[in-house]
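Secondary and tertiary structure notes
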Amino acid sequence: MSRMSHAIYFNRKQTYLCALDVDGEFHKYEKTRDKFTCIFCGVKVQFSRGKEHNDPHFKNWPLTSHKNNCVIPIIESQKEKHENVGEVELLVSTILPRAKRLNSNQTNLSVNRSKKARVFAGKRSKKFIYSLINLLDNKNYFKIKPEFEELQLLIEDGSTIKLKELIGSQDEIIERIEQSQEKRAICILRGNTRSAQIIKNNIKIPLTKGNNPIYKNTNDFSLFISWDYAEKNKEFIKSIENSLIVCYGEATTNEFGTQIEVYSIKNQITLLKKYK
Ligand SMILES: [Zn+2]
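Counting its regular elements, the chain contains twelve helices and 18 strands. The C-alpha atoms of the chain give a radius of gyration of 19 Å, which matches the 19 Å a tight globule of 276 residues would have. Over its C-alpha atoms, taken along the principal directions, the chain stretches across nearly 55 × 45 × 35 Å. Counting the 276 residues in the chain, one finds 31% classified as buried. Pairs at least 24 apart in sequence give 60% of the contacts found in the chain among residues at least 6 apart.

Pasting the structure below:
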């Protein structure tokens, strides 16, 4: 069943509570855990801190289903079409964060960044990418197998995105950033990495670049690990250099070029092929 990232509390319809925030102040909600409802259909949902208190989310109460017109059962009904593909179940029951909301309630830069790290770099991300790579065709440049291209994934605000619109090469992702209002894109980047560079204690891993537009890698793009996350990730850098990888995260463009910030190599990046 779907894990929801947000819920309504005590029927206050104008504010959505984020599971990460409830987890952060769990003592405040402990006695009123039955006061959460689905933001889409209003049915009662429950808060869970997840395994080892590592993965806060809202989920169904036992024997309480969402209403028929709620987006959650609609998106989950896709499982029936792909009955023997276990990965589809996990993909359709993961709700992707939308950049806009993350930005709107920030109090200061560091709070916002550590929240982003939890949103994009939790264990759920790792499961999500692992499920996804099994739907790629390793005999055809790791493109999505045609039968899964149209698979719909749910975004926090209840809108959907097709799997084929989520994955992309560096040029395709840059195009999506330019088209978006917030100038950022939640995406799964597929690209070839070069060797890592250390710039003022931050780690930058540029992607290879070419001139042939067919390969969709004509623009600068890099993975960026900020100094405060460098120590935690140091031991995994070698394993993703000079490789074909997929990386889940939020791509943005700033004065240094277009990049995805990586908080956890282990949970955000998966290796498809190692070149040397
Ligand atoms: Zn619902």
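With that out of the way, let us pick up the sheet that holds strand 2 (residues 16–18). Judged by pairing direction, the sheet is antiparallel, and its three strands sit side by side in the order 2-1-3 without closing on themselves. Each edge of the open sheet carries a strand with a single partner, namely strand 2 and strand 3 (36–37). Bridge analysis of strand 1 (residues 6–9) against strand 3 gives two bridges, and the strand direction is antiparallel. The residue bridging Tyr-9 from the neighbouring strand is Phe-36, located in strand 3.

Looking now at the nonpolar core. Across soluble globular proteins, you tend to see nonpolar side chains buried next to one another. Ranked by size, the top nonpolar core spans 56 residues in total, and within it Ala-7, Cys-187, Ile-188, Leu-189, Cys-247 and Val-262 carry the most contacts. Both of domain 1 (6–69) and domain 2 (75–274) provide at least three residues apiece to this core.

Examined against the element boundaries, Leu-207 turns out to sit in the loop between strand 14 (202–206) and strand 15 (221–225). Along the primary structure Leu-207 and Arg-118 are separated by 89 residues, whereas in three dimensions their C-alpha atoms are 25 Å apart. Those residues in contact with Leu-207 that sit more than four places away from it in its chain are Gln-170, Gly-191, Asn-192, Thr-193, Arg-194, Asn-217, Phe-221 and Ser-222.

Right, let's get into the domain arrangement of the chain. Under the domain assignment, the chain is made up of domain 1 (6–69) and domain 2 (75–274). The interface of domain 1 with domain 2 comprises five residues on the first partner and seven residues on the second. The residue inventory of the side of domain 1 that touches domain 2, partitioned by class, reads two nonpolar, two polar and one charged.

Before going further, it helps to examine the environment of Lys-238. By secondary structure assignment, the location of Lys-238 is in helix 11 (residues 237–240). The class for Lys-238 is exposed, based on 11 C-beta atoms found within 10 Å. Expressed as a C-alpha distance, the spacing of Lys-238 and Lys-126, which sit 112 residues apart in the sequence, is 19 Å.

Okay, the sheet that holds strand 10 (residues 160–162) next. Strand order in the open sheet formed by three strands is 6-9-10, with mixed pairing between adjacent strands. Where the open sheet ends on each side, the last strands, each with one partner, are strand 6 (95–96) and strand 10. In this structure, strand 9 (residues 152–155) lies alongside strand 10, joined through three bridges in antiparallel fashion. Paired with Leu-153 across the bridge in strand 10 is Ile-161.

Right, let's talk about the environment of Asn-254 for a bit. On the secondary structure map, Asn-254 appears in strand 16 (residues 243–254). Expressed as a C-alpha distance, the spacing of Asn-254 and Lys-183, which sit 71 residues apart in the sequence, is 9.8 Å.

Every α-helix carries 3.6 residues per turn, so stepping three or four residues along brings you back to the same face. If you check which residues of helix 9 (residues 170–179) are buried, you get Gln-170, Ile-173 and Ile-174. Angular distribution of buried residues about the axis of helix 9 spans 100°; they occupy a single face of the element. Here the buried face of helix 9 lies against strand 11 (167–168), strand 12 (184–192), strand 15, strand 16 and strand 17 (257–261).

This paragraph deals with the pairing of strand 9. Here two bridges tie strand 6 to strand 9, and the two strands are oriented parallel to one another. Bridge pairing in strand 9 places Ile-95 opposite Leu-154. Here strand 9 folds back onto strand 10 in antiparallel fashion, the turn holding four residues, of which Gly-158 has a positive phi close to 95°.

Positive phi values are uncommon outside glycine, yet His-53 reaches one of about 55°. Located in the positive-phi region is Phe-142, a residue other than glycine, with phi close to 60°. Structurally, Phe-142 can be placed in the loop between strand 7 (136–137) and strand 8 (143–144).

Let's shift gears to the pairing of strand 15. Burial analysis of strand 15 places five of its five residues in the buried class, the great majority of the element. Of the two faces of strand 15, both are covered, the one formed by Phe-221, Leu-223 and Ile-225 as well as the one formed by Ser-222 and Phe-224.

Right, let's get into helix 7 (residues 123–133). Along helix 7, the residues that are buried comprise Arg-124, Ser-125, Phe-128 and Leu-132. Buried positions in helix 7, seen along its axis, are confined to an arc of 100° and lie on one side of it.

Thresholds, definitions, all that
- Residues numbered from 1 in each chain as written.
- Predicted model: local features only at pLDDT ≥ 70, side-chain atom pairs only at ≥ 80, totals over all residues.
- Helix = DSSP H or I, 4+ residues; strand = E, 2+ residues; numbered from the N terminus.
- Rg over C-alpha atoms; globule rule 2.2 N^0.38 Å.
- Buried ≥ 20, exposed ≤ 12 C-beta atoms within 10 Å, placed from the backbone.
- Contact = placed C-beta atoms within 7 Å.
- Pairing = 2+ DSSP bridges.
- Core = buried A, V, L, I, M, F, W, Y, C linked by C-beta atoms within 7 Å.
- Domains from an automatic or database assignment.
- Nonpolar A, V, L, I, M, F, W, Y, C, P; charged D, E, K, R; others polar.
- Arc of directions from axis to C-beta.

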